[in-house]
Amino acid sequence: GENVEQHPSTLSVQEGDSAVIKCTYSDSASNYFPWYKQELGKGPQLIIDIRSNVGEKKDQRIAVTLNKTAKHFSLHITETQPEDSAVYFCAATLIYNQGGKLIFGQGTELSVKP
Amino acid sequence: SAVISQKPSRDICQRGTSLTIQCQVDSQVTMMFWYRQQPGQSLTLIATANQGSEATYESGFVIDKFPISRPNLTFSTLTVSNMSPEDSSIYLCSVDTSPVNNEQFFGPGTRLTVL
């Protein structure tokens, strides 16, 4: 089955700097890679996703890149702000029929210092 | 997206008892899932709640411990049975709102502490 490794487990940056979180997956058949942000006491929030037919996707200050050959994908946050502080989870799945089972990475606790 | 609510938001229970968690969605959805998030850990899929049929459980999770109901396309329940302190976790439901986009959205979670 699929296995997802996420690094680093903690990341501390200064406000305005960029943050990068990396994930690797094991199943080359996986074709959908979402990223979630979880703030303290809340459920995970989908912030961006990428499918295997594209290599990069951007949404304002966040972007995700996918390297299918190397089986890794990354989240990039530019111009970080204190409100970006949260735990970020990557996930991978094989989408088939009407859905797929998300396999999550271990999470990265991002701290943005003002 | 979808608006997802869970009840209760948190509870403290005694070992040996059972707790039923409710998940309500503001629109009909095809797929509903239940996850467990142990303290400081990642999310693990417990089961897929199937409308009109038995839930599909992941390895390590059994129906006797985590019975699930899904009577319609907007509602599901998860019961944590015969609880022990090891069941202390956040329990999250999620929904897949579109068979085309396959995006999963999560509820706010139920924080369970077992004494």
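Residues numbered from 1 in each chain as written. Chains lettered and ligands numbered in written order. Predicted model: local features only at pLDDT ≥ 70, side-chain atom pairs only at ≥ 80, totals over all residues. Heavy atoms only, no water.

Looking at the overall build of chain A
Put simply, the rule reads: Elements are defined by DSSP. Helices are runs of H or I of four residues or more, strands are runs of E of two residues or more, and each kind is numbered from the N terminus. Values of the radius of gyration come from C-alpha atoms, whereas the globule rule sets the reference at 2.2 Å times the count of residues to the power 0.38. Each residue gets one of three labels from its accessible area relative to the maximum for its type: buried under 20%, exposed over 50%, partly exposed in between, using a 1.4 Å probe on protein chains only. Residue contacts are counted whenever heavy atoms from the two residues lie within 4.5 Å of one another. A 1.4 Å probe and the Shrake-Rupley method give the accessible areas. Residues count as covered only by the protein chains that appear here. This count recognises Lys and Arg as positive and Asp and Glu as negative, with His and chain-terminal groups excluded. Note that the charge is assigned to NZ on lysines, CZ on arginines, CG on aspartates and CD on glutamates.
Tallying secondary structure elements over chain A gives zero helices and 11 strands in all. Scanning chain A from its N terminus toward the C terminus, one meets helices and strands in the order β-β-β-β-β-β-β-β-β-β-β. What you see for chain A is a C-alpha radius of gyration of 14 Å, in line with the 13 Å of a compact globule of 114 residues. Projected onto its principal axes, the C-alpha coordinates of chain A cover approximately 45 × 30 × 20 Å. Counting every position in chain A, which comprises 114 residues, the buried fraction comes to 46%. Across chain A, contacts joining residues at least 24 apart in sequence account for 54% of those joining residues at least 6 apart. Summing over all exposed atoms, chain A offers an accessible surface of approximately 5700 Å²; the carbon and sulfur share of this is 47%. Between the centroid of the 11 positive side chains of chain A and the centroid of its 13 negative side chains there is a distance of 5 Å.

Observations concerning the packing of aromatic side chains
Defined as follows: Aromatic rings from Phe, Tyr and Trp, with only the six-membered ring used for Trp, were paired whenever their centres fell within 6.5 Å, and each pair was classed as stacked if the ring planes differed by under 30 degrees, edge-to-face if by over 60, and tilted otherwise.
Applying the stated criterion to the full structure yields 12 aromatic pairs over all chains. On the numbers, 6.0 Å between centres and 55 degrees between planes, the contact of A:Tyr25 with A:Phe73 is tilted. Of the two residues, A:Tyr25 sits in strand β3 (residues 19-25) while A:Phe73 sits in strand β8 (residues 72-77), which places them 48 residues apart along the sequence. Residue A:Tyr25 is classed as buried on the basis of its relative accessible area, which comes to 5%. Summarising the aromatic geometry, the rings of A:Phe33 and A:Phe73 are spaced 4.9 Å apart at their centres and angled 50 degrees between planes, so their arrangement reads as tilted. Residue A:Phe33 is located in strand β4 (residues 32-38), and its partner A:Phe73 is located in strand β8; the two are separated by 40 residues in the primary sequence. A relative accessible area of 0% means that A:Phe33 is categorised as buried. The rings of A:Tyr36, A:Phe89, A:Phe104, B:Tyr35 and B:Phe106 are connected pair by pair, giving a single aromatic cluster.

Digging into the sheet that holds strand β8 (residues 75-80) of chain B
Residues and elements named next belong to chain B. As a reminder of what qualifies: Here the rule is simple: two strands pair whenever DSSP picks up at least two bridges between them. The angle between two axes is taken between their N-to-C directions and runs from 0 to 180 degrees, where each axis is a line fitted to C-alpha atoms and a helix contributes only its stretch in contact.
Taken together, the four strands give an open sheet; going across it, the order is β1-β3-β8-β7, and neighbouring strands pair in antiparallel fashion. Bordering the open sheet on either side are β1 (4-7) and β7 (68-72), each of which pairs with just one other strand. Averaged over all neighbouring strand pairs, the angle between strand axes comes to 15 degrees, with direction disregarded.

Concerning the pairing of strand β5 (residues 45-51) of chain A
Residue and element names in this part refer to chain A. Within β5, five of the seven residues are buried, which leaves the element mostly enclosed by the surrounding structure. For β4 and β5, the ladder comprises six bridges, and the chain directions are antiparallel. Paired with Tyr 36 across the bridge in β5 is Leu 46. Taking the residues that link successive antiparallel strands as the turn, the β4-β5 hairpin has six residues, and the phi of Gly 41 there is positive, at about 80 degrees.

Focus on unusual backbone geometry
Residue and element names in this part refer to chain A. In this model, His 7 is joined to Pro 8 through a cis peptide bond whose omega is -5 degrees. Of note, Pro 8 is situated in the loop between β1 (4-7) and β2 (10-14). Its identity as a non-glycine residue notwithstanding, Gln 60 has a phi of 55 degrees, on the positive side. With respect to the helices and strands, Gln 60 occurs in the loop between β6 (56-59) and β7 (62-67). Of note, the phi angle at Glu 79 is positive, near 45 degrees, even though the residue is not glycine. Looking at where Glu 79 falls in the secondary structure, it is placed in the loop between β8 and β9 (86-92). Judged by its relative accessible area of 52%, Glu 79 is exposed.

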